[in-house]
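For reference, the chains in residue letters:
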Amino acid sequence: MTVTTTSPAPPGAEDSGAPAKPPGGPAWAVFLLHRWALWAWIAYVALGAGLLLWAWGPAVNELSSTAATCELGGRGEPHCAQRLYEALTSYQEFMRLGFFAVLGAPLLVGAWAAASLTAREMETGTADLAWTQSVPPARWLTAKLALPAVAVTAGITLLLALYRLAHHAGVGLLTDIRQWAPSWWNEDVFTALGVVMVPRMLCAVAVGVLLGLLLKRTLASLGTGLVLMGAGTSALVLGRRFLWPAEIRYGRENATASPYTNLTPTDWQVASGAVTESGELAGEAGERAAYGCMETGYQEHRDTFDGDAYYSCLEDRGYTDVWVAYHPESHHWPLQLVESGIWLALAAAAAYLSYRVLRHRTAPREGAA
């Protein structure tokens, strides 16, 4: 009788027929698949950082030395105005280009995320391959959302920090030369000196992922992502004044009767008009009446304003007072936080819908398994 001996199978041999998991898991797979996009993002951030570093260093130093030589408010030296203008223009140009790098980042990220992050894999079928290699669809989607979110947050935070440094280094000189300071509600100051860009970037990633899952076509997703991010940004910029209740000031509140409501340079005027006899705030029609009576106020004394004559004219037209709605500088951070909250809510909604869409798409596969 022949005895056959069988050596014990090595551990895990019984599972040798199972699909092998990709080394490093879904996160590593996402990195390998999109590593060129990561390098492109690093190059983009490096370009923006270089522009802002130049504005913060050589451009500000040149402006400072030129302003010192020119003796602002004094006689200065010959051709000083031209040299000062060139130094000021150089600083402003680098700041402008750096801001464009900040402003364009969500648009580019949204278009890339929509076209490449999920749409291309859905279109070519590589997503199905990943799901058959023991990678649960939910983990696959989490990696698609988390890794780009970390990368874009780190990049945009660096650009915002450099912009803030360059702005604060030159804004004093800028104010002394031009005799007025940049307004806090200007798009470059509001966007690049606040926090709203970070949630806007996160929203770009989440919306792009959702569009890729829904459309499953690279070009269609790219165009749709670009349009949606552009439209969303424009809508919030144009509607920013309505994100926080504005304060109202009336003309008769002044010490002397005047249509001027004495707003300061740091007050952002958003609307104006006149008050009807019933106490309602009339907008466009009231504003026409308010400006129409200005000539009456200056009619007798061109060098002084007759407030009584002005308000008498206003009353003849059915109005009792003038008003102006404005945002003081103290509204800067409330507006920042409200707008940031809107972007975060949109990002969260897009991420939630992405999981729902993916679950609906993979439900037959999981049921068959």
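Conventions adopted
Residues numbered from 1 in each chain as written. Predicted model: local features only at pLDDT ≥ 70, side-chain atom pairs only at ≥ 80, totals over all residues. Heavy atoms only, no water. Helix = DSSP H or I, 4+ residues; strand = E, 2+ residues; numbered from the N terminus. Buried < 20%, exposed > 50% of the residue type's maximum accessible area, 1.4 Å probe, protein only. Areas by Shrake-Rupley, 256 points an atom, 1.4 Å probe, with all protein chains shown as cover. Patch = residues over 30% accessible without salt bridge, like charges linked within 9 Å, V, L, I, M, F, W, Y side chains within 5 Å. Salt bridge = Lys/Arg side-chain N within 4 Å of Asp/Glu carboxyl O. Phe/Tyr/Trp six-rings, centres within 6.5 Å; stacked < 30°, edge-to-face > 60°. Lys NZ or Arg CZ within 6 Å of the ring centre and 35° of its normal. Disulfide = S-S within 2.5 Å. pLDDT = per-residue confidence, 0-100. Contact = heavy atoms within 4.5 Å. Pairing = 2+ DSSP bridges. Axes fitted to C-alpha atoms, helices over the stretch in contact; angles between N-to-C directions. Polar contact = N/O pair within 3.5 Å; in protein donor to acceptor, adjacent residues only side chain to side chain. Expected span 1.5 Å × (residues − 1). Bend = angle between axes of the 7 residues up to and from the residue.

Engineer: Could you give an account of the overall build of the protein, naming the residues involved and the relevant values?
Structural biologist: When its secondary structure is counted, the protein shows 12 helices and 4 strands. Relative to its 369 residues, the protein shows a buried fraction of 40%. Total accessible area on the protein stands at roughly 19800 Å², and carbon and sulfur atoms take up 62% of it.

Engineer: Describe in detail unusual backbone geometry, supporting the description with residues and values.
Structural biologist: Positioned with a positive phi, Gln 179 is a non-glycine residue whose angle comes to about 70°. The residue Gln 179 is located in the loop between α5 (137–178) and α6 (187–192) in this model. Positive phi values are uncommon outside glycine, yet Lys 216 reaches one of about 55°. For Lys 216, the location among the structural elements is in the loop between α7 (197–215) and α8 (218–238). Residue classification places Lys 216 among the partly exposed residues on the basis of a relative accessible area of 28%.

Engineer: Can you break down a nonpolar patch on the surface residue by residue, with the values?
Structural biologist: Taken together, the side chains of Trp 28, Phe 31, Leu 32 and Leu 147 present a nonpolar region at the surface, about 330 Å² in accessible area. Element by element, the count of residues in the nonpolar patch is highest for helix α1 (residues 25–33), at 3 residues. As for its position among the elements, Leu 147 is in helix α5. The class of Leu 147 is partly exposed, set by a relative accessible area of 32%.

Engineer: How would you summarise the packing of aromatic side chains if you had to cite specific residues and measurements?
Structural biologist: Pairs of aromatic rings are described using the distance from one ring centre to the other and the angle between the two planes. Scanning the model with the defined rule gives 8 aromatic pairs in all. Put simply, the rings of Phe 99, Phe 100 and Tyr 163 pair up and form one aromatic cluster. A cation over an aromatic ring shows up here: Arg 178 above the ring of Trp 180, its NZ or CZ 4.0 Å from the ring centre.

Engineer: So what's going on with the state of the cysteines? Residues and values would help.
Structural biologist: What the rule picks out here adds up to 1 disulfide. Here Cys 293 pairs with Cys 313 through a disulfide, and the sulfurs are 2.2 Å apart. With the S-S bond torsion at -75°, the cross-link from Cys 293 to Cys 313 turns out left-handed. A residue pair is termed long-range when its members are at least 10 positions apart, and Cys 293 in the loop between α9 (284–292) and α10 (294–297) and Cys 313 in helix α11 (residues 307–316) qualify at 20 residues.

Engineer: Before we move on, can you summarise the confidence of the model for the protein with the specific residues and values?
Structural biologist: On average, the protein scores 84 in pLDDT, and the residues at 70 or more come to 84%. Contacts for the low-pLDDT stretch residues 12–20, under 50 throughout, to residues beyond four places or in other chains number 4 contacts.

Engineer: Give me the lowdown on the sheet that holds strand β2 (residues 268–276), citing residues and values where you can.
Structural biologist: Strand order in this open sheet of 4 strands is β1-β4-β2-β3, and the pairing throughout is antiparallel. What marks the edges here is a single partner per strand, and that holds for β1 (247–250) and β3 (281–282). Here α9 sits on the sheet and contacts β2, β3 and β4 (319–327); the angle it forms with β2, its principal contact strand, is near 85°.

Engineer: Kindly report on the side chain of Thr 191, identifying the contributing residues and their values.
Structural biologist: Looking at the secondary structure, you find Thr 191 in helix α6. In this structure the side chain of Thr 191 is engaged in a polar contact, spanning 2.4 Å, whose partner is the side chain of Glu 187. Sequence-distant contacts of Thr 191, that is, excluding residues within four places in its chain, are made with Phe 99, Leu 160, Val 196, Met 197, Arg 200 and Arg 240.

Engineer: How would you explain helix α3 (residues 80–124) if you had to name every residue and give the values?
Structural biologist: If you check α3, its first and last C-alpha atoms are 63 Å apart, about what 45 residues at 1.5 Å a residue would give, namely 66 Å. Of all the bends in α3, the largest measures some 40° and sits at Thr 118. Positive backbone phi, approximately 90°, marks Gly 125, located one or two places after α3.

Engineer: Could you give an account of the pairing of β2, naming the residues involved and the relevant values?
Structural biologist: Among the 9 residues that make up β2, 7 are buried, leaving the element largely enclosed by the rest of the structure. With 2 bridges joining them, β2 and β3 adopt antiparallel strand pairing. Paired with Ala 274 across the bridge in β3 is Ala 282. The hairpin turn running from β2 into β3, its antiparallel successor, is 4 residues long, and Gly 279 in that turn takes a positive phi close to 95°.

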